[in-house]
Amino acid sequence: MDLSAPLDAMSEKVTPTRLNNIWDVNRFPLTIKVPGDMEDVHGYAIDEVAQEWNSALGMTVFTVEFDYDFEVTDVNDQNDLLAYSDGTIPIFFQEEWSKVSNDDDLIGIAYMFTTDGEIRKGGIAISLGKVEMTDDDDNGEVPLDEVDFQSLLLHELGHVLGFDHAEEEDSAMNATIFYGKAVQQLSPRDLERVYSKY
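Residues numbered from 1 in each chain as written. Predicted model: local features only at pLDDT ≥ 70, side-chain atom pairs only at ≥ 80, totals over all residues. Heavy atoms only, no water.

Caption draft 1: Quick look at the environment of aspartate 145. Topologically, aspartate 145 is positioned in the loop between strand E8 (132–134) and strand E9 (146–148). As a C-alpha pair, aspartate 145 and glycine 180 span 35 residues in sequence and 6.3 Å in three-dimensional space. (Helix = DSSP H or I, 4+ residues; strand = E, 2+ residues; numbered from the N terminus.)

Here it is, written out as structure tokens:
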């Protein structure tokens, strides 16, 4: 199994060869595994993001599991994700971001593990200590120094599915959308990319 470098939420674009990697749709649905103590905080947003991707692909791509035995800060590096089954996408909420990245600008990182062009495993790490995260109330207004969690997760799961950063401002895959703005739905151009890839 080839261990690929992380795709991250605030970085330069990844190499085009990474974008040829896709999931075999016969392996869907994938289970988003979330620490149970995050259910009250971000449960609604996580469910909404799963439904947005499910709707875009016209099938159940993601289900959500809140696991109270799952540690919130349980990853030191991407190799820790190998412990999870192929159909599980763990979300790690990191207090100590230096274990995941030395880049102070990052607020989230998505990992993919591939074999012969097929994505076999994925995971997400999100920084808890770097920014205040809010769940927007659908009006699109987020304080300038805060990050809309739902927008961030929509973006990172896009990376897990093999999508690159996009330049359009209304795209969920725009690398700079996070502070002070909510992008909680895939744009028409995002949907075009979904249909052409899957």
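Caption draft 2: Looking closely at the side chain of lysine 197. Within the secondary structure, lysine 197 sits in helix H3 (residues 188–197). Comment: no salt bridge for buried lysine 197; closest opposite-charge side chain is aspartate 164, at 9.4 Å. (Buried < 20%, exposed > 50% of the residue type's maximum accessible area, 1.4 Å probe, protein only. Lys, Arg positive; Asp, Glu negative; His and termini not counted. Salt bridge = Lys/Arg side-chain N within 4 Å of Asp/Glu carboxyl O.)

Caption draft 3: Quick look at the nonpolar core. Counting 40 residues, the largest nonpolar core has Trp53, Phe62 and Leu157 as its most contacted members. Residue assignment for this core shows that the elements contributing at least two residues are strand E3 (30–35), helix H1 (39–57), strand E4 (62–67), strand E5 (88–94), strand E6 (108–115), strand E7 (118–127) and helix H2 (149–160). For this core, the element with the highest residue contribution is H1, accounting for seven residues. Judged by nonpolar contacts, the second largest core, of five residues, contains Leu106, Tyr111, Phe113 and Ala125. (Core = buried A, V, L, I, M, F, W, Y, C linked by side-chain atoms within 4.5 Å.)

Caption draft 4: Representation of the environment of methionine 59 within the structure. Considering the arrangement of structural elements, one finds methionine 59 in the loop between H1 and E4. Assessed through its relative accessible area of 30%, methionine 59 is described here as partly exposed. In this structure the C-alpha to C-alpha distance between methionine 59 and proline 29, which are 30 residues apart in sequence, comes to 8.3 Å.

Caption draft 5: Expanded view of H1. Here H1 is 19 residues long and its end C-alpha atoms lie 25 Å apart, about the 27 Å a rise of 1.5 Å per residue gives. Every buried residue of H1 is accounted for by His42, Gly43, Ala45, Ile46, Val49, Ala50, Glu52, Trp53, Asn54, Ala56 and Leu57. Positive backbone phi, approximately 65 degrees, marks glycine 58, located one or two places after H1. (Expected span 1.5 Å × (residues − 1).)

Caption draft 6: Local environment of unusual backbone geometry. Phenylalanine 28 connects to proline 29 through a cis peptide bond whose omega is 5 degrees. With respect to the secondary-structure elements, proline 29 resides in the loop between strand E2 (7–8) and E3. Here the phi dihedral of aspartate 116 falls at roughly 50 degrees; this positive angle occurs in a residue that is not glycine.

Caption draft 7: The arrangement of H2 in detail. The first and last C-alpha atoms of H2 sit 16 Å apart over 12 residues, in line with the 16 Å expected at 1.5 Å per residue. Across the 12 residues of H2, 12 count as buried, placing the element largely inside the fold.

Caption draft 8: Representation of the packing of H1 against H2 in the model. Interhelical geometry of H1 versus H2 gives an angle of 40 degrees and a closest axis separation of 9 Å. The angle between H1 and H2 falls in the class oblique. Pair H1 / H2 crosses with right-handed handedness. Packed against H1, whose contacting residues are His42, Ala45, Ile46, Glu48, Val49, Glu52 and Trp53, the element H2 presents Phe149, Gln150, Leu153, Leu154, Leu157 and Gly158 at the interface. Its residues assigned to classes, the contact of H1 with H2 comprises eight nonpolar, three polar and two charged. (Axes fitted to C-alpha atoms, helices over the stretch in contact; angles between N-to-C directions. Parallel < 35°, antiparallel > 145°, perpendicular 65-115°, else oblique. Left-handed = near helix turned anticlockwise from the far one by under 90°. Contact = heavy atoms within 4.5 Å. Nonpolar A, V, L, I, M, F, W, Y, C, P; charged D, E, K, R; others polar.)

Caption draft 9: How the structure looks around the confidence of the model for the protein chain. Model confidence for the protein chain is summarised by a mean pLDDT of 78, while 70% of its residues fall at 70 or above. Across residues 1–17, confidence stays below pLDDT 50; counting only partners more than four residues off in sequence or on other chains, it has 60 contacts. (pLDDT = per-residue confidence, 0-100.)

Caption draft 10: Spatial organisation of the packing of aromatic side chains. Counted by the stated rule, this structure contains four aromatic pairs. Here the aromatic rings of phenylalanine 28 and tyrosine 198 are separated by 6.2 Å at their centres, their planes lie at 45 degrees, and the arrangement is tilted. Placement of the pair is phenylalanine 28 in the loop between E2 and E3 and tyrosine 198 in the segment after H3, with a sequence separation of 170 residues. Overall, phenylalanine 28 belongs to the buried group, its relative accessible area being 10%. The exposure class assigned to tyrosine 198 is partly exposed, which follows from its relative accessible area of 24%. Note on phenylalanine 93 and phenylalanine 149: the rings are 6.0 Å apart at their centroids and 25 degrees apart in plane angle, and the pair reads as stacked. Of the two residues, phenylalanine 93 is situated in strand E5 and phenylalanine 149 in helix H2; the sequence distance between them amounts to 56 residues. Across from the ring centre of phenylalanine 163, 5.6 Å away, lies the NZ or CZ of lysine 197, which sits over that ring. (Phe/Tyr/Trp six-rings, centres within 6.5 Å; stacked < 30°, edge-to-face > 60°. Lys NZ or Arg CZ within 6 Å of the ring centre and 35° of its normal.)

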